[in-house]
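Listed below, chain by chain, are the residues.
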Amino acid sequence: MENAYAFAGHRNNNFWPLSDYGNITLNELKEKPFSWFVDQAKKKRDRPKSIMARFRESFPEVARLEPQNGLNVNLCLAIVLIELLRHVIVHDGGVVPDKSKFMKTVLEKANLFNNGNPADKYTSFISSYFGNEKFENTVSILEVRVRSEIPFDVHVNLFDILSGYLMAYAHLIFELLEENLHKNLIQRKMQDANAD
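How each quantity is defined
- Residues numbered from 1 in each chain as written.
- Predicted model: local features only at pLDDT ≥ 70, side-chain atom pairs only at ≥ 80, totals over all residues.
- Heavy atoms only, no water.
- Helix = DSSP H or I, 4+ residues; strand = E, 2+ residues; numbered from the N terminus.
- Rg over C-alpha atoms; globule rule 2.2 N^0.38 Å.
- Phe/Tyr/Trp six-rings, centres within 6.5 Å; stacked < 30°, edge-to-face > 60°.
- Buried < 20%, exposed > 50% of the residue type's maximum accessible area, 1.4 Å probe, protein only.
- Lys NZ or Arg CZ within 6 Å of the ring centre and 35° of its normal.
- Axes fitted to C-alpha atoms, helices over the stretch in contact; angles between N-to-C directions.
- Parallel < 35°, antiparallel > 145°, perpendicular 65-115°, else oblique.
- Left-handed = near helix turned anticlockwise from the far one by under 90°.
- Contact = heavy atoms within 4.5 Å.
- Nonpolar A, V, L, I, M, F, W, Y, C, P; charged D, E, K, R; others polar.
- Salt bridge = Lys/Arg side-chain N within 4 Å of Asp/Glu carboxyl O.

A.B. asks: It is not clear to me how the overall build of the protein should be interpreted in this structure. Could you clarify?
C.D. replies: What the protein contains, in helices and strands, is nine helices and two strands. Counting helices and strands in the order they occur from the N terminus, the protein gives α-α-α-α-α-α-α-α-β-β-α. In terms of overall dimensions, the protein is more spread out than a globule: its C-alpha atoms have a radius of gyration of 21 Å, far above the 16 Å expected for 196 residues. In terms of overall dimensions, the protein has a C-alpha envelope of 70 × 35 × 30 Å along the principal axes.

So, in structure tokens, the structure goes:
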């Protein structure tokens, strides 16, 4: 997300809000390499949420496809869940003291808490990445058996599924950035042609 955001700001200086550039003049900005934009993106407050919000504002397609897409998953919820699962895994050994509180935090950050009445599909989605019974507060993103009622031993890797959501979101942003870059190049060529 940071690199995509850096690319957007590097290619189109009007993409970022002015506060993201820091204390710099327009002339200095034109001379900055891509790596400077990456550093600035990493300093952005409340990322990745603030970066995702900017992409939503700039590309209405993101706002349309986050909740409804071919994956049948709310990508904003998936990204927030991945962010907070990573935090729990790294800092708390993969165990949340209070799963209800964790779920509330995830849903609030994804703007899906709905005044304490989140949709069952969202709470089920979050719960599916935790164990059962005595492990209900433990993150479980390993392989799980699919449809235990059939005699075939078929498993799915939950980590791969989460990684797939990240890739899907990254691909969506890539496609929109590429489309936007192409439009900007055509506009510049037309402006140059009109200037001649």
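A.B. asks: Just to check I follow, could you spell out the packing of aromatic side chains for this structure?
C.D. replies: Think of a pair of aromatic rings as described by two things: how far the centres are apart, and how the planes are tilted against each other in angle. Counted under the stated rule, the structure contains 13 aromatic pairs. Consider the rings of Phe15 and Phe55, whose centres lie 5.6 Å apart with planes at 50°: the pair is tilted. Placement of the pair is Phe15 in the loop between helix H1 (2-11) and helix H2 (26-30) and Phe55 in helix H4 (residues 49-58), with a sequence separation of 40 residues. The residues Phe15 and Phe55 share a single accessibility class, namely buried. Taken together, the ring pairs connect Tyr5, Phe15, Trp16, Tyr21, Trp36, Phe37, Phe55 and Phe59 into an aromatic cluster. A cation over a ring is seen here: Arg54 above Phe15, with NZ or CZ 5.6 Å from the ring centre.

A.B. asks: Help me out: how do you make sense of unusual backbone geometry in this one?
C.D. replies: Residues apart from glycine generally show negative phi values, whereas peptide bonds are mostly found in trans. Cis geometry is adopted by the peptide bond preceding Pro48, which originates at Arg47 and carries an omega value of 10°. The residue Pro48 is located in the loop between helix H3 (34-43) and H4 in this model. Phi at Asp46 takes a positive value of approximately 55°, unusual for a residue other than glycine. Note on placement: Asp46 falls in the loop between H3 and H4. According to the relative accessible area criterion, Asp46 is partly exposed, its value standing at 47%. Positioned with a positive phi, Asn115 is a non-glycine residue whose angle comes to about 50°. Positionally, Asn115 belongs in the loop between helix H7 (99-109) and helix H8 (120-127). Look at Asn115 and you get exposed, because its relative accessible area is 76%.

A.B. asks: Explain the packing of H1 against H4 to me, please; I cannot follow it from the model alone.
C.D. replies: For any two helices packed against each other, the geometry comes down to the angle between their axes and how far apart the axes lie. Where H1 contacts H4, the two axes come as close as 10 Å, and the packing angle between them is 45°. Here H4 runs oblique to H1, going by the angle between their axes. Of the two possible hands of crossing, H1 and H4 adopt the one that is left-handed. Contact residues: Glu2, Ala4, Tyr5 and Ala8 in H1; Ile51, Arg54 and Phe55 in H4. Of the residues belonging to the contact of H1 with H4, the class tally is five nonpolar, no polar and two charged.

A.B. asks: Quick question: what am I supposed to make of the pattern of salt bridges here?
C.D. replies: Opposite charge on two side chains lets them pair, provided their charged atoms get close. Using the criterion set out here, one finds seven salt bridges in the structure. With its nearest N and O atoms 2.5 Å apart, the salt bridge here joins Arg64 to Glu61. On the criterion of helical spacing, the pair formed by Arg64 and Glu61 is a turn pair, its members being three residues apart in helix H5 (residues 60-65). Note that Glu83 is salt-bridged to Lys109, the shortest N-O span being 3.2 Å. Residue Glu83 is found in helix H6 (residues 75-92), and its partner Lys109 is found in helix H7; the two are separated by 26 residues along the sequence. Residue Glu83 is classed as partly exposed on the basis of its relative accessible area of 25%. Since its relative accessible area comes to 24%, Lys109 is described here as partly exposed.

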